[in-house]
Structures are given as C-alpha cells and as structure tokens.
Amino acid sequence: MRWILPLLLIALAGCRAEPVAPDYQAANAALMQRDSRRVLTMLRDDRSVEAERLKATALLQLQDLPGAARQLDLAVKAGGNAAVYADYAQLELIRGHLDRAGQWQQRAERADGSALMPLQMGGEIALARGQVELALGYFDRALARHPDNLAALAGRAHALARLQRWVELAPLLDRLDRDMPGDTELALLRQAMPPAR
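Residues numbered from 1 in each chain as written. Predicted model: local features only at pLDDT ≥ 70, side-chain atom pairs only at ≥ 80, totals over all residues. Heavy atoms only, no water.

Focus: the overall build of the protein chain
Okay, so step 1: Looking only at helices and strands, the protein chain features 12 helices and 0 strands.
Okay, so step 2: Listing every helix and strand of the protein chain by position from the N terminus yields α-α-α-α-α-α-α-α-α-α-α-α.
Okay, so step 3: Here the contacts in the protein chain between residues at least 6 apart in sequence split such that 52% fall between residues at least 24 apart. (Helix = DSSP H or I, 4+ residues; strand = E, 2+ residues; numbered from the N terminus. Contact = heavy atoms within 4.5 Å.)

Here it is in structure tokens:
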C-alpha cells in the first residue's frame, strides 16, 4: 500500500469532520504543504477531536506511527468520528494489520457511510485483501460523491489494472497523468497494459 500513502495523507488533510475553525484551516493548509511540525506546534494545546486527528496526520507524514496511534487514541477518547476511525484504519493498514484496519473501517462506515475516507479506506483494505471487485465498488462510491479526488481515482486505476479492464483503465491513466505528471506508480500501471492493436 506504499503507493497510495502520499495521496491518502493529502486526502486526510482535507477530510474535516468538524466546522473549520481558523486554526484547522491553517493546519490543513500546512499538511497539504507537508509542513508537519508546524501543525504540531500550531495545535499543541488543542485537545479537540479534530485537532488530535490533524496532529495524528502530521505524525504520519513524519512516519512516527506510534505517535500517530497515541494521537488517534486521544481523538477516540475525545469522542471520535468517522474521519478519526478511517484514519485509524489507514494506520493499521500501513502497519499491515488488515483485520484491525477492517474493524476501524467498518466503524467509520457505520458513523458516516457517505464520507470520503471511510469509502477510500474500504477500497484500500479490499485491495490489500485481494477483493478487487469490492475495492472497485468502494472507489466508485467515493468518486460518485467526490469525482475529482486523486486518491480515489488512483485506487480505481489499480483495481481496474488488477481486473485487466484495460479499455476503462487507459482514459483514467490519461486523466491521472495530467494531474500527477511523472508519478512512478502510474507509469508502472501503464507498462502493465497490453500493447495497443
């Protein structure tokens, strides 16, 4: 799942579960610029669910998995929400704990089945389990609500490649190439396609 991590971190930064206070808006902007330490400083004294979640995302960007887990535990204790549970699913997926990732994803989906991150994580976990049709369904549901989300588009591309649905994959890769020029994972997907006749 290493291929999707940068896109997921960007998606997490933009996936808010509470009204956007000025500090959270600035923190999201800093996360998009991968200025993780600034986020930790900015929200140091904020103990809200959203602040703990944003700090966890910053720690994920810094590859501090134990620190991210501690922040997510605090977010859950502060009340939790679909975004927090989806973030925990992502953390467990990164750690390679598919069963735990699935449990957190299900909790996220129960909390808000139409939100982007529960659907995105459902797709990622299904891909990791080899349930490619299920993954494609999750990505399609995410894209029905967020048609320009790069993480969901990239996930759909990987699912289509695994299913060898080349006719659908080709235009999707063209679209992603415009938004993500030079991406090595997209180049690998293009190489996997059979030669045009």
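Comments concerning the nonpolar core
Okay, so step 1: In this structure, L91, A157, L169, L173 and L176 are the most contacted members of the largest nonpolar core, which totals 46 residues.
Okay, so step 2: If near-sequence neighbours (up to four positions away) are discounted, A157 is found in contact with L169, L172, L173, L176 and L189.
Okay, so step 3: In this structure, Y24, A27, V39 and L43 belong to the second largest nonpolar core, which totals 9 residues. (Core = buried A, V, L, I, M, F, W, Y, C linked by side-chain atoms within 4.5 Å. Buried < 20%, exposed > 50% of the residue type's maximum accessible area, 1.4 Å probe, protein only.)

Concerning the pattern of salt bridges
A side chain of one charge can pair with a side chain of the opposite charge if their charged atoms are brought near each other.
Okay, so step 1: Under the defined criterion, the tally for this structure stands at 13 salt bridges.
Okay, so step 2: Note that R156 is salt-bridged to E168, the shortest N-O span being 3.6 Å. Note that R156 is positioned in helix α10 (residues 150-162) and E168 in helix α11 (residues 166-179), a separation of 12 residues in sequence.
Okay, so step 3: One salt-bridge network, in which partners are shared between bridges, spans D140, R156, R165 and E168. (Salt bridge = Lys/Arg side-chain N within 4 Å of Asp/Glu carboxyl O.)

Digging into the environment of A26
Okay, so step 1: Within the secondary structure layout, A26 lies in helix α2 (residues 22-32).
Okay, so step 2: With a relative accessible area of 25%, A26 lands in the partly exposed category.
Okay, so step 3: As a C-alpha pair, A26 and V39 span 13 residues in sequence and 8.3 Å in three-dimensional space.
Okay, so step 4: Dropping the residues within four chain positions of it, A26 is found in contact with R38 and M42.

A few points about the packing of aromatic side chains
Okay, so step 1: Going through the model one piece at a time under the given rule, you end up with 2 aromatic pairs.
Okay, so step 2: Look at Y88 and W104: their rings are 4.4 Å apart centre to centre, the planes differ by 5 degrees, and that puts the pair in the stacked class. Within this pair, whereas Y88 is found in helix α6 (residues 82-95), its partner W104 is found in helix α7 (residues 98-111), the two being separated by 16 residues in sequence.
Okay, so step 3: Its relative accessible area of 6% is what places Y88 among the buried residues.
Okay, so step 4: Through a chain of ring-to-ring contacts, three or more aromatic side chains come together here, namely Y85, Y88 and W104.
Okay, so step 5: The ring of Y85 carries the charged tip of R107 above its face, separated from the ring centre by 4.3 Å. (Phe/Tyr/Trp six-rings, centres within 6.5 Å; stacked < 30°, edge-to-face > 60°. Lys NZ or Arg CZ within 6 Å of the ring centre and 35° of its normal.)

Observations regarding the packing of helix α8 (residues 116-128) against α10
Okay, so step 1: Between α8 and α10, the shortest axis-to-axis distance is 10 Å and the interhelical angle comes to 30 degrees. Here α8 lies roughly parallel to α10, going by the angle between them. In this structure, the crossing between α8 and α10 has a hand that is left-handed. Across the interface between the two elements, Q120, E124 and L127 from α8 touch A151, A152, G155, H158, A159 and R162 from α10. (Axes fitted to C-alpha atoms, helices over the stretch in contact; angles between N-to-C directions. Parallel < 35°, antiparallel > 145°, perpendicular 65-115°, else oblique. Left-handed = near helix turned anticlockwise from the far one by under 90°.)

Observations concerning unusual backbone geometry
Okay, so step 1: Phi at Q63 is positive, roughly 60 degrees, even though this residue is not glycine.
Okay, so step 2: By the secondary structure assignment, Q63 is in the loop between α4 (49-61) and α5 (65-77).
Okay, so step 3: A positive phi angle, near 60 degrees, is found at Q164, a position not held by glycine.
Okay, so step 4: Inspection of the secondary structure assignment puts Q164 in the loop between α10 and α11.
Okay, so step 5: On the accessibility criterion, Q164 (56% relative accessible area) is exposed.

Section: the confidence of the model for the protein chain
Low-confidence regions, as indicated by low pLDDT, have predicted coordinates that should not be scrutinised in detail.
Okay, so step 1: For the protein chain, the average pLDDT comes to 88, and 88% of its residues sit at 70 or higher.
Okay, so step 2: Residue range residues 1-7 is modelled with pLDDT below 50. Its contacts to residues more than four positions away, or to other chains, number 19 contacts.
Okay, so step 3: Per-residue pLDDT stays below 50 along residues 9-14; that stretch engages in 19 contacts with residues further than four places along the chain or on separate chains. (pLDDT = per-residue confidence, 0-100.)

Looking at the environment of L150
Okay, so step 1: Within the secondary structure, L150 sits in helix α10.
Okay, so step 2: Separated by 29 residues in sequence, L150 and D179 place their C-alpha atoms 8.1 Å apart.

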